[in-house]
Amino acid sequence: MVSSTSVNRTSLHPGGVQPIHEHTEIEESLHDKANIDYDRVAIVGNPSVAALYEDALVYETGTAITSSGALTAYSGAKTGRSPMDKRIVREPSSEGEIWWGPVNKPMEPEVWRINRERAIDYLNTRNRIYVVDGFAGWDERYRIKVRVVCARAYHALFMRNMLIRPKPEELIHFEPDYVIYNAGTFPANRFTAGMTSSTSVAINFAEKEMVILGTEYAGEMKKGVFTILFYEMPVKHNILTLHSSANEGKDGDVTVFFGLSGTGKTTLSADPNRYLIGDDEHCWSDTGVFNIEGGCYAKCVGLSAEKEPDIFNSIRFGSVLENVVFNPESREVDYDDNTLTENTRACYPIEYISNAKIPCIADSHPQNIILLTCDASAVLPPISKLNNAQTMYHFISGYTSKMAGTEDGVFEPQATFSACFGQPFLALHPMRYASMLSEKITQHNANVWLLNTGWVGASAHKGGRRCPLKYTRAILDAIHSGELAKAEYEVYDTFNLQVPTSVTGVPDQFLNPSKSWSGSTSEFNAQVTKLGGLFIQNFSKYESEATEEVKSAAPVI
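Residues numbered from 1 in each chain as written. Predicted model: local features only at pLDDT ≥ 70, side-chain atom pairs only at ≥ 80, totals over all residues. Heavy atoms only, no water.

Q: Kindly report on the packing of helix α5 (residues 153–162) against helix α7 (residues 219–237), identifying the contributing residues and their values.
A: Between α5 and α7, the shortest axis-to-axis distance is 9 Å and the interhelical angle comes to 35°. Crossing angle aside, the handedness with which α5 passes α7 is right-handed. For the pair α5 and α7, the contacting residues are His 155, Phe 158, Met 159 and Met 162 in the first and Gly 219, Met 221, Lys 222 and Val 225 in the second. Residues of the contact of α5 with α7, tallied by class, amount to five nonpolar, two polar and one charged. (Axes fitted to C-alpha atoms, helices over the stretch in contact; angles between N-to-C directions. Helix = DSSP H or I, 4+ residues; strand = E, 2+ residues; numbered from the N terminus. Left-handed = near helix turned anticlockwise from the far one by under 90°. Contact = heavy atoms within 4.5 Å. Nonpolar A, V, L, I, M, F, W, Y, C, P; charged D, E, K, R; others polar.)

So this is what it looks like as structure tokens:
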């Protein structure tokens, strides 16, 4: 990015120091649209990485440069997302499209105006604020221009990494489609109508703006952009938005990995034998798959060069480490130390991955679709092949165990169901996305797999262990080589899943949970029945809109 930094310039005159007003387009725009006082606040427009490092180190408590060259920062009290505080403004242009309910709680326009004014007032009290311009979506036909206005250099660097960085000429006369006002250091007024706490994350599709109050967790900005794409792409372009990672083989075969945070999207898509398209957010268009983001946001608890070399080697100058613990003398990070949070994170530009595909677009449709789950009960098989009805059932169900630290207040794995493997970010009803996915799978004859990266042998609460990463990678290799498409299968009872009897590089007993279970048969059966019951209970809210074929894919208890 080029720098359009503008501060309050001064010149000496006989009568004293007088300001000289040479305002940039960014300053004029923020003044006109948000009443930002450019004569009092230094507006730093699209600063360089080095400049953001300098400001973070000088002005923000707790920032440091680690031994690898990455900038480390702390997000304050909130070290995960705050989904209970997310709001969508209820307004005529989008009201009929939005999936209203526990995910998308309505905010009245008057409350929106109060919160927006509160955020602007806070930004106007700062000595300096930062503006970062970028794109969401690598396909130029559909990309959205995003402007981030924030008070912390750490937040600016984070979004500089996560948005697609424009060329210098693209920053000239940059007119954003959406603007994010991040005043997260300042709380919302919890006595304002509709507020449940001092945190508020709100999107207004009519005004094309997002306002953040009361949380400094940088992931709120990233996921806010994601929610915008979950609305814009299907409604405006009939394009399917995916909470997925994606990679491409040497022969152009594309694999898409659906999954919630903590299930392995980032880790598994970073494959040295395949090109990385992206690690978290994608769209499936009429010509193929494209990444939404310009960077990666990887969980780094337990990270090592041996287990995840691509991610480990990406943590260098320009990267941001969130809420990690490091040695104050050597500045070496202890990735095993989760004192601050289980949700330690690394944020880096996607080109830091050596085998990233730039631009991040696949001009072919997925051949393999993998639904990732992290089952803490240890009763789902490590790998199953799904038919179309099962695909729809498990996609709509979106089962996993919510991992510690991913959301505020989650400290141990919890069974959860998240429609489309991305419920917290959906703008429309899950069936709209599910129907679009079904059509695309059928049209392009894709194979679909349910891959469990969770526990084996016993549940997380009973001393089981997570399926070793080397076995999960061996399963993926078998999918990509075509081995699993030709394998022999057996039926796994209750869930009626097709489970391979053998996979190269994986012990046979690992493949069927009934054979790897370390406890009694009665205990195992009880766990299977319990999980099957949870599936049935969760799916009941979608049954009225599901076909008989999809409903028949439910567990049989």
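Q: Residues and numbers for the sheet that holds strand β9 (residues 144–150), please.
A: Strand order across the open sheet formed by eight strands is β3-β8-β9-β10-β12-β11-β6-β7, with mixed pairing between neighbours. Bordering the open sheet on either side are β3 (42–45) and β7 (105–107), each of which pairs with just one other strand. Within the sheet, the average angular offset between the axes of one strand and its neighbour, ignoring direction, is 25°. Across three bridges, the pairing between strand β6 (residues 86–89) and β7 is parallel. Looking across to β7, one finds that Ile 88 is bridged to Pro 106. Of the strands in this sheet, β8 (128–136), β9 and β10 (178–183) touch α5, which is tilted by about 10° from β8. (Pairing = 2+ DSSP bridges.)

Q: Go over the packing of aromatic side chains, please, and point to the residues and values.
A: For the coordinates displayed, the defined rule picks out 22 aromatic pairs. Judged by centre distance (6.5 Å) and plane angle (45°), the ring pair of Tyr 217 and Tyr 297 falls under tilted. On the criterion of sequence distance, the pair formed by Tyr 217 in the loop between β12 (209–213) and α7 and Tyr 297 in strand β18 (residues 295–299) is long-range, its members being 80 residues apart. For the pair Tyr 217 and Tyr 297, one class covers both residues: buried. Every member of this aromatic cluster is reached through a ring pair, and the members are Tyr 393, Tyr 399, Phe 417, Phe 495, Phe 535, Phe 539 and Tyr 542. The ring of Trp 100 carries the charged tip of Arg 90 above its face, separated from the ring centre by 4.9 Å. (Phe/Tyr/Trp six-rings, centres within 6.5 Å; stacked < 30°, edge-to-face > 60°. Buried < 20%, exposed > 50% of the residue type's maximum accessible area, 1.4 Å probe, protein only. Lys NZ or Arg CZ within 6 Å of the ring centre and 35° of its normal.)

Q: Lay out the sheet that holds strand β4 (residues 64–65) in plain terms, naming residues and giving numbers.
A: Strand pairing in a sheet is mediated by backbone hydrogen bonds. Such pairs are either parallel or antiparallel. Overall, mixed pairing links the five strands, which are arranged β4-β5-β19-β22-β18 in an open sheet. The outermost strands of the open sheet, each flanked by one partner alone, are β4 and β18. In terms of strand pairing, strand β5 (residues 71–73) meets strand β19 (residues 320–322) through three bridges, oriented parallel. Residue pairing across strands places Leu 71 opposite Val 320, the latter belonging to β19.

Q: How would you sum up the pattern of salt bridges? Please name residues and give values.
A: If you walk through the whole model with that rule in mind, you get 25 salt bridges. When the shortest N-O distance is used, the salt bridge between Asp 139 and Arg 141 registers 2.8 Å. Overall, the relative accessible area of 44% leaves Arg 141 in the partly exposed class. Glu 281 is the salt-bridge partner of Lys 223, the closest N and O atoms lying 3.8 Å from each other. Here Lys 223, found in helix α7, pairs with Glu 281, found in strand β16 (residues 281–284); they are 58 residues apart in sequence, far enough to count as distant. An identical accessibility class is assigned to Lys 223 and Glu 281; each is buried. Within the structure, one salt-bridge network assembled from shared partners comprises Lys 222, Lys 223, Lys 265, Asp 280, Glu 281 and Glu 293. (Salt bridge = Lys/Arg side-chain N within 4 Å of Asp/Glu carboxyl O.)

Q: Any details on the pairing of strand β32 (residues 497–500)? Residues and values, ideally.
A: Alignment of strand β31 (residues 489–492) against β32, held across four bridges, turns out to be antiparallel. Counted as the bridge partner of Glu 490 is Val 499 from β32. The hairpin formed by β31 and β32 contains four residues between the paired strands, and Thr 494 there has a positive phi angle of roughly 75°.

Q: Break down the state of the cysteines for me, with residues and values.
A: A full pass over the atoms with the stated rule returns zero disulfides. Cys 360 takes part in no disulfide bond, and the closest cysteine sulfur, belonging to Cys 296, lies 8.1 Å away. (Disulfide = S-S within 2.5 Å.)

Q: Any chance you could break down the environment of Arg 126 for me, citing the residues and the numbers?
A: Inspection of the secondary structure puts Arg 126 in the loop between α4 (109–125) and β8. On the basis of relative accessible area, Arg 126 is assigned to the partly exposed category, the value being 29%. For the pair Arg 126 and Val 41, spaced 85 residues apart in sequence, the C-alpha to C-alpha distance is 6.3 Å. Setting aside anything within four residues of it in sequence, one finds Arg 126 in contact with Arg 40, Val 41 and Ala 151. Among the polar contacts listed, one links the side chain of Arg 126 to the side chain of Thr 125, at a separation of 3.0 Å. (Polar contact = N/O pair within 3.5 Å; in protein donor to acceptor, adjacent residues only side chain to side chain.)

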